[in-house]
Amino acid sequence: MPHADVNGLSLWYQVHGSGRPLVLLHGGFGAAETFAPVLPALTGRRRVIAVDLQGHGRTADVDRPLRYESMADDVAALIRRLDLGEVDLMGYSLGGGVALRVAIQHSALVRRLVVVSAPCRSQGWYPEVLAAMAAHDEQAAERMRGTPSHELYARIAPRPEDWPALWVKSGDLLRRDYDWSAEVAALTVPVLLVFADADSVSTAHVVEFFGLLGGGRRDAGGDGAARPASRLAVLPGLTHYDIVRSPALPAVVLPFLTTQVREPA
């Protein structure tokens with residue numbers, strides 16, 4: 001399987017299908033397999049490049065912290081290394097935060113951005129979710145042995161013994177406070193926000209996030225001319241944990257990627 005040497009990291013990626021490139025970024029403790037249920041729908045319309053982020057899946061960890069910003073630089077370096085030009089980018093949960101940072105830090109590389117179940121500031125998570133993420137440590141890693149995420153990691157990771165270290169580094173990342181609101185408000189790339197109606201991100205923050213992108217400020221008008229370039233989808237009957245497996249996800253993502261987006265008049 002291909003790896004790209006970027007920023008001192010041997011970053012694993014896999015390519016499926018053909019057409020305009022769509023880069024996929026998985027959630028925490030996941031890998032490219034996260035998108036397996038929706039991959040056939042996506043590869044029918046796109047050349048999909050699925051990436052395993054630092055310390056996840058087939059990408060071995062290196063001696064640096066897990067940070068949204070550095071992982072975004074890794075993804076940007078991969079896009080340049082593969083000479084993909086301007087890409088569509090979709091990230092889920094942890095990968096949603098990384099994808100958002102790619103658009104902020106490397107805007108020239110992103111044509112359209114899809115953020116699935118990820119906030120633009122840490123306080124967008126519900127308090128109980130923040131508390132659970134703050135408890136990520138070696139003991140939590142031991143309790144998670146035998147779960148599907150651990151079984152996948154044990155099967156594909158180059159160093160399966162790094163499982164506890166991944167939890168320690170993830171806890172360090174997720175305990176850090178961040179607020180990217182000003183940078184989100186300055187984005188010019190069209191963004192599709194996708195959340196479940198029973199997500200781990202609060203509904204109030206979903207509205208706030210969309211508002212930063214110009215959404216929810218006024219009536220779009222009879223011809224839709226006043227709608228923002230960005231979009232919001234709230235998928236019913238889903239949660240943070242199953243949204244990425246639902247056929248409803250590509251059903252809203254593909255029209256956004258393929259339909260002409262008009263800037264509001």
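Residues numbered from 1 in each chain as written. Predicted model: local features only at pLDDT ≥ 70, side-chain atom pairs only at ≥ 80, totals over all residues. Heavy atoms only, no water.

Comments concerning the side chain of Arg112
Here comes step 1: Mapping Arg112 onto the fold places it in strand S6 (residues 110–116).
Here comes step 2: Buried within the structure, Arg112 lacks any salt-bridge partner; Asp88 is the closest side chain of opposite charge, at an N-O distance of 5.5 Å. (Helix = DSSP H or I, 4+ residues; strand = E, 2+ residues; numbered from the N terminus. Buried < 20%, exposed > 50% of the residue type's maximum accessible area, 1.4 Å probe, protein only. Lys, Arg positive; Asp, Glu negative; His and termini not counted. Salt bridge = Lys/Arg side-chain N within 4 Å of Asp/Glu carboxyl O.)

With respect to the environment of Leu82
Here comes step 1: Position of Leu82 relative to the elements: it lies in the loop between helix H2 (68–81) and strand S5 (87–92).
Here comes step 2: Separated by 78 residues in sequence, Leu82 and Ala4 place their C-alpha atoms 8.7 Å apart.
Here comes step 3: Residue contacts for Leu82: discarding those within four places in its chain leaves Tyr13 and Ile49. (Contact = heavy atoms within 4.5 Å.)

Side note on the pairing of S5
Here comes step 1: Among the six residues in S5, six count as buried, and that is most of the element.
Here comes step 2: In S5, alternate side chains face the same way, and those of Val87, Leu89 and Gly91 on one face and Asp88, Met90 and Tyr92 on the other are all buried.
Here comes step 3: Two strands pair when backbone bridges link them, and strand S3 (residues 21–25) and S5 are joined in this way by four bridges, in the parallel orientation. Of the residues in S5, the one forming a bridge with Leu24 is Met90.
Here comes step 4: Here S5 pairs with S6 via six bridges, running parallel. Opposite Met90, over in S6, you have Val114 as the bridge partner.
Here comes step 5: One crossover worth recording links S5 to the parallel S6 by way of helix H3 (residues 94–105), and it is right-handed. (Pairing = 2+ DSSP bridges. Right-handed = clockwise from strand over helix to strand, strands pointing away.)

Some details on the nonpolar core
Here comes step 1: By size, the foremost hydrophobic cluster in this structure holds 62 residues, and its most contacted members are Val23, Leu25, Val98, Leu100, Leu113 and Phe209.
Here comes step 2: The element contributing the most residues to this core is H2, with eight residues.
Here comes step 3: Once residues within four sequence positions are removed from consideration, Phe209 is found in contact with Leu100, Val115, Ala118, Pro119, Cys120, Val184, Leu193 and Phe195.
Here comes step 4: Formed by 26 residues, the second largest nonpolar core is a distinct cluster that contains Leu22, Leu42, Val194 and Val261. (Core = buried A, V, L, I, M, F, W, Y, C linked by side-chain atoms within 4.5 Å.)

Notes on the sheet that holds strand S7 (residues 191–198)
Here comes step 1: Spatial strand order, S1-S2-S4-S3-S5-S6-S7-S8: eight strands in an open sheet with mixed pairing. Here the strands that pair on one side only, and so sit at the sheet edges, are strand S1 (3–6) and strand S8 (231–239). This sheet shows a mean twist of 25° between the axes of neighbouring strands, independent of strand direction.
Here comes step 2: Contacting S1, strand S2 (9–16), S3, strand S4 (47–52) and S5, H2 crosses the sheet at an angle of about 115° to S1.
Here comes step 3: Its contacts with the sheet put H3 on S3, S5 and S6, and the angle it makes with S5 is roughly 145°. (Axes fitted to C-alpha atoms, helices over the stretch in contact; angles between N-to-C directions.)

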